[in-house]
Amino acid sequence: MPLLVWNEAMKLGIKRIDDQHQRWIALMNRLHEGIQHGLDKKLLDEAMTGMLDYTRTHFVDEEQLLRDYQYPGYAEHKKEHDGFIVRLHELQKEQENRDKNSWLLVLDVVKAMSKWLFDHIEYADRQFAPFLKEKGVQ
Ligand code: FEO
């Protein structure tokens, strides 16, 4: 069962961001399912790297959009992004030299990250949506 299920209510109304969030959630679910189903270490490492890479890609794109339109909450928003990237890096480093069974130990961490991701979209990202829409971003 996926950790997070994308639904229409999660849409912010900015297509490029909504599409990225949907993909982001899919990658988080893939990582979670990989751990639950005991995928081999190589596949788990790939899922983790994919999650980290895509998170970085999404943050860079979203931050550029916020800068382009001079969103007043930009600095605070970027701080949230940076904190999450640090957590992902720490988790990746912790797992690098472990066997596949040790991934089970991070299941709770992945669940917590998934909750962060949901809360971030719902509370932090949702705050900039009206601002950008007012500027004509769709
Ligand atoms: Fe969509 Fe601020 O991450």
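Residues numbered from 1 in each chain as written. Predicted model: local features only at pLDDT ≥ 70, side-chain atom pairs only at ≥ 80, totals over all residues. Heavy atoms only, no water.

(A) Region of interest: the overall build of the protein. Regarding its fold elements, the protein presents 4 helices and 0 strands. Secondary structure elements of the protein occur, N-terminal to C-terminal, as α-α-α-α. Taken against the 2.2 N^0.38 rule, which gives 14 Å for 138 residues, the C-alpha radius of gyration of the protein at 16 Å falls within 12% of a compact globule. The C-alpha extent of the protein, read off along each of the three principal axes, is 50 × 30 × 20 Å. Residue pairs at least 24 apart in sequence account for 80% of intrachain contacts in the protein once pairs closer than 6 positions are excluded. Total accessible area on the protein is roughly 7,700 Å²; 53% of this is exposed by carbon and sulfur atoms. (Helix = DSSP H or I, 4+ residues; strand = E, 2+ residues; numbered from the N terminus. Rg over C-alpha atoms; globule rule 2.2 N^0.38 Å. Contact = heavy atoms within 4.5 Å. Areas by Shrake-Rupley, 256 points an atom, 1.4 Å probe, with all protein chains shown as cover.)

(B) Summary view of the packing of helix α2 (residues 41-68) against helix α4 (residues 107-134). Running from N to C, α2 and α4 cross one another at 20°; their axes reach a closest spacing of 12 Å. Judged by the inter-axis angle, α2 sits roughly parallel to α4. For the crossing formed where α2 meets α4, the hand is left-handed. Touching M51, H58, F59, E62, L65 and L66 of α2 are W116, L117, H120, D125, F128 and L132, all from α4. Considered class by class, the residues forming the contact of α2 with α4 number 8 nonpolar, 2 polar and 2 charged. (Axes fitted to C-alpha atoms, helices over the stretch in contact; angles between N-to-C directions. Parallel < 35°, antiparallel > 145°, perpendicular 65-115°, else oblique. Left-handed = near helix turned anticlockwise from the far one by under 90°. Nonpolar A, V, L, I, M, F, W, Y, C, P; charged D, E, K, R; others polar.)

(C) Main features of the side chain of N29. In this structure, N29 sits in helix α1 (residues 15-36). Since its relative accessible area comes to 8%, N29 is described here as buried. A polar contact is formed between the side chain of N29 and the backbone nitrogen of L3, at a distance of 2.9 Å. In this structure N29 touches P2, L3 and L4, once residues within four positions along its chain are discounted. (Buried < 20%, exposed > 50% of the residue type's maximum accessible area, 1.4 Å probe, protein only. Polar contact = N/O pair within 3.5 Å; in protein donor to acceptor, adjacent residues only side chain to side chain.)

(D) How the structure looks around unusual backbone geometry. Here the phi dihedral of Q70 falls at roughly 50°; this positive angle occurs in a residue that is not glycine. Within the fold, Q70 resides in the loop between α2 and α3 (74-96).

(E) Looking closely at the packing of aromatic side chains. What the rule picks out here adds up to 7 aromatic pairs. Taken together, a centroid distance of 6.0 Å and an interplanar angle of 80° make the contact between Y71 and F128 edge-to-face. Here the residue Y71 occupies a position in the loop between α2 and α3, and F128 occupies one in helix α4, the gap between them amounting to 57 residues. The buried category is assigned to Y71, whose relative accessible area is 12%. Judged by its relative accessible area of 0%, F128 is buried. (Phe/Tyr/Trp six-rings, centres within 6.5 Å; stacked < 30°, edge-to-face > 60°.)

(F) Molecular detail of the environment of W103. For W103, the position within the fold is in the loop between α3 and α4. Sequence separation between W103 and G38 is 65 residues; the distance between their C-alpha atoms is 8.4 Å. For W103, the residues in contact, after removing those within four places along its chain, are L31, I35, K41, L44, D45, M48 and Q95.

(G) Inspection of α2 at higher detail. In this model α2 runs 40 Å from its N-terminal to its C-terminal C-alpha over 28 residues, within 8% of the 40 Å that 1.5 Å per residue would give. Backbone geometry just after α2 places Q70 at a positive phi near 50°. (Expected span 1.5 Å × (residues − 1).)

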